[in-house]
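# Reading the structure
Listed below, chain by chain, are the residues.
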Amino acid sequence: MIHRGVLEFSTKEGISFIDITKEVLSVIAKSRIREGTCNVFLPATTAGLLLNEKDRMLLEDFKKMFMLIDENKIYHHPSNAFSHLRASMLRSDVTFPIADGKAVLGTWQSIILWEFDVEPRKRSVVVTVTGE
Amino acid sequence: MIHRGVLEFSTKEGISFIDITKEVLSVIAKSRIREGTCNVFLPATTAGLLLNEKDRMLLEDFKKMFMLIDENKIYHHPSNAFSHLRASMLRSDVTFPIADGKAVLGTWQSIILWEFDVEPRKRSVVVTVTGE
Amino acid sequence: MIHRGVLEFSTKEGISFIDITKEVLSVIAKSRIREGTCNVFLPATTAGLLLNEKDRMLLEDFKKMFMLIDENKIYHHPSNAFSHLRASMLRSDVTFPIADGKAVLGTWQSIILWEFDVEPRKRSVVVTVTGE
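All figures in this text were calculated on a predicted structure; none of them were measured in a lab.

### Let's talk about the interface of chain A and chain C
It is common to give the size of an interface as the accessible area lost on bringing the parts into contact. Counting residues at the interface gives 21 residues for chain A, matched by 28 residues for chain C. Those elements that place two or more of their residues in the side of chain A that touches chain C are β1 (2-10), β3 (36-41), α3 (81-87), β5 (93-99) and β8 (122-131) of chain A. Along the lines of polarity and charge, the residues of the side of chain A that touches chain C split into 8 nonpolar, 10 polar and 3 charged.

Following this line, the structure appears as structure tokens:
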């Protein structure tokens, strides 16, 4: 059995984040799938997914880590090369198990969408639940 | 068909590693699934999965790479921010094919669990085999 | 339903890249699966997969980013430690949705195989399509 949900988010210009855990979990609930896996996919090249703790202080630390990719360096690609490079520090896809109808995520694992682009964007996230 | 196995590991404080390949393969064998995929998921935010060569010398090189995230810098998040940041250099999930009842892994690909936290931890790894 | 295709590529010594999107899409088309997911897996430890924009200028910027892992440093592992470390900046697996028989990839998302090894290599990529 396969159930798909498409979520839409409006981001602020980067570096900024949105916690999308609740929305992903609601697609899983709607699917009525009890055992299987959930694939979360972000069809974007200047944003990324992070599975980590949603702590305001920690997210500031992550922000500084992404800034290791310098905005002021000279790049070949015009305007937002650093947005692409930062996105590659994260990933576009995450797949985790579903057991007894519930996402198997760690206590501190939130699904966080990081925007790295230089302008606010509309981002869609495709959630595919597969199983029984 | 879906088969799930949960593995438990005791880690030493970070930066340390455990090769979990054998245990993952035994879940696949138990599943009796011949064709499909295997998802390995680590529900943790201060540890990560690496698919690479298990060579003692190389693992020392990896350790030094993780130390590029400095322990002595001042972070916003108390006590173990660098453990979270190091974990984000790796991933929480890996999905690979199963063909003819066997994991399709490269000759040198071992599944390595890296602990980055400041204390020894109990880590569970959820292995989900999907297929026919 | 499961359909698997194995693709073969000849790479130039690293740092070099091949766009493998077209070949992956042709495995999906052959599968005749309409709804599901596609797992792309690279059984290698000195090469990696990147899902990002295939723009010649941007790929030069990526190349420089990979070079942050210095070739001239002294490593424990002989000859190609930096190839392994660079590979770990990317991933060996990507899983994305299939909807209405088509890969759900963003407008700018190409599947790019990066070679980091010190010699030309034959690389196989295993594409597993799962669904209905």
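Anyway, onward from the coordinates.
### A short note on the relation of the copies chain A and chain C
Rotating chain A by 120° about the axis while translating it 0.0 Å along that axis superimposes it on chain C, leaving an RMSD of 0.0 Å. Both copies of the chain, as the preceding transformation shows, are related through a three-fold rotation axis.

### What to know about the relation of the copies chain B and chain A
Here chain B sits on chain A after a turn of 120° about the axis and a move of 0.0 Å along it, with an RMSD of 0.0 Å. Taken together, the interface assignments show that only 14% of the residues at the interface of chain B recur at the interface of chain A, consistent with different surfaces on the two copies.

### Digging into the sheet that holds strand β2 (residues 16-19) of chain C
Residues and elements named next belong to chain C. Spatial ordering of the open sheet is given by β2-β7-β4, a layout of 3 strands whose pairing is antiparallel. The outermost strands of the open sheet, each flanked by one partner alone, are β2 and β4 (47-52). Geometrically, the sheet is characterised by an average inter-axis angle of 30° between neighbouring strands, direction not taken into account.

### As for the environment of B:K102
Residue and element names in this part refer to chain B. Note on placement: K102 falls in strand β6 (residues 102-103). A residue is classified by how many C-beta atoms lie within 10 Å of it, and K102, with 12 of them, is exposed. Counting along the chain gives 17 residues from K102 to L85, while the straight-line C-alpha distance between them is 34 Å.

### Describing the nonpolar core
Core analysis: the biggest nonpolar cluster contains 121 residues, and A:V40, B:V40, B:L113, B:W114 and C:V40 have the highest contact counts within it. The contacts of B:L113, once residues within four sequence positions are left out, are B:F9, B:F17, B:I18, B:I20, B:L42, B:A47, B:L49, B:R123 and B:V125.

### Remarks on the interface of chain B and chain A
Contacts between chain B and chain A engage 22 residues on the former and 28 residues on the latter. Secondary structure elements with two or more residues in the side of chain B that touches chain A: β1 (2-10), β3 (36-41), α3 (81-89), β5 (93-99) and β8 (122-131) of chain B. Looking at the side of chain B that touches chain A, the element that brings in the most residues is α3(B), giving 5 residues. Among the residues making up the side of chain B that touches chain A, the classes are represented as 9 nonpolar, 10 polar and 3 charged.

### Details of the confidence of the model for chain A
When pLDDT is averaged along chain A, the result is 97, and 100% of the positions lie at 70 or above. Scoring the predicted complex yields pTM 0.97 and, for the interface, ipTM 0.96.

Criteria and cut-off values
- Residues numbered from 1 in each chain as written.
- Chains lettered and ligands numbered in written order.
- Predicted model: local features only at pLDDT ≥ 70, side-chain atom pairs only at ≥ 80, totals over all residues.
- Contact = placed C-beta atoms within 7 Å.
- Helix = DSSP H or I, 4+ residues; strand = E, 2+ residues; numbered from the N terminus.
- Nonpolar A, V, L, I, M, F, W, Y, C, P; charged D, E, K, R; others polar.
- Least-squares fit on C-alpha atoms with pLDDT ≥ 70 in both.
- Pairing = 2+ DSSP bridges.
- Axes fitted to C-alpha atoms, helices over the stretch in contact; angles between N-to-C directions.
- Buried ≥ 20, exposed ≤ 12 C-beta atoms within 10 Å, placed from the backbone.
- Core = buried A, V, L, I, M, F, W, Y, C linked by C-beta atoms within 7 Å.
- pLDDT = per-residue confidence, 0-100.

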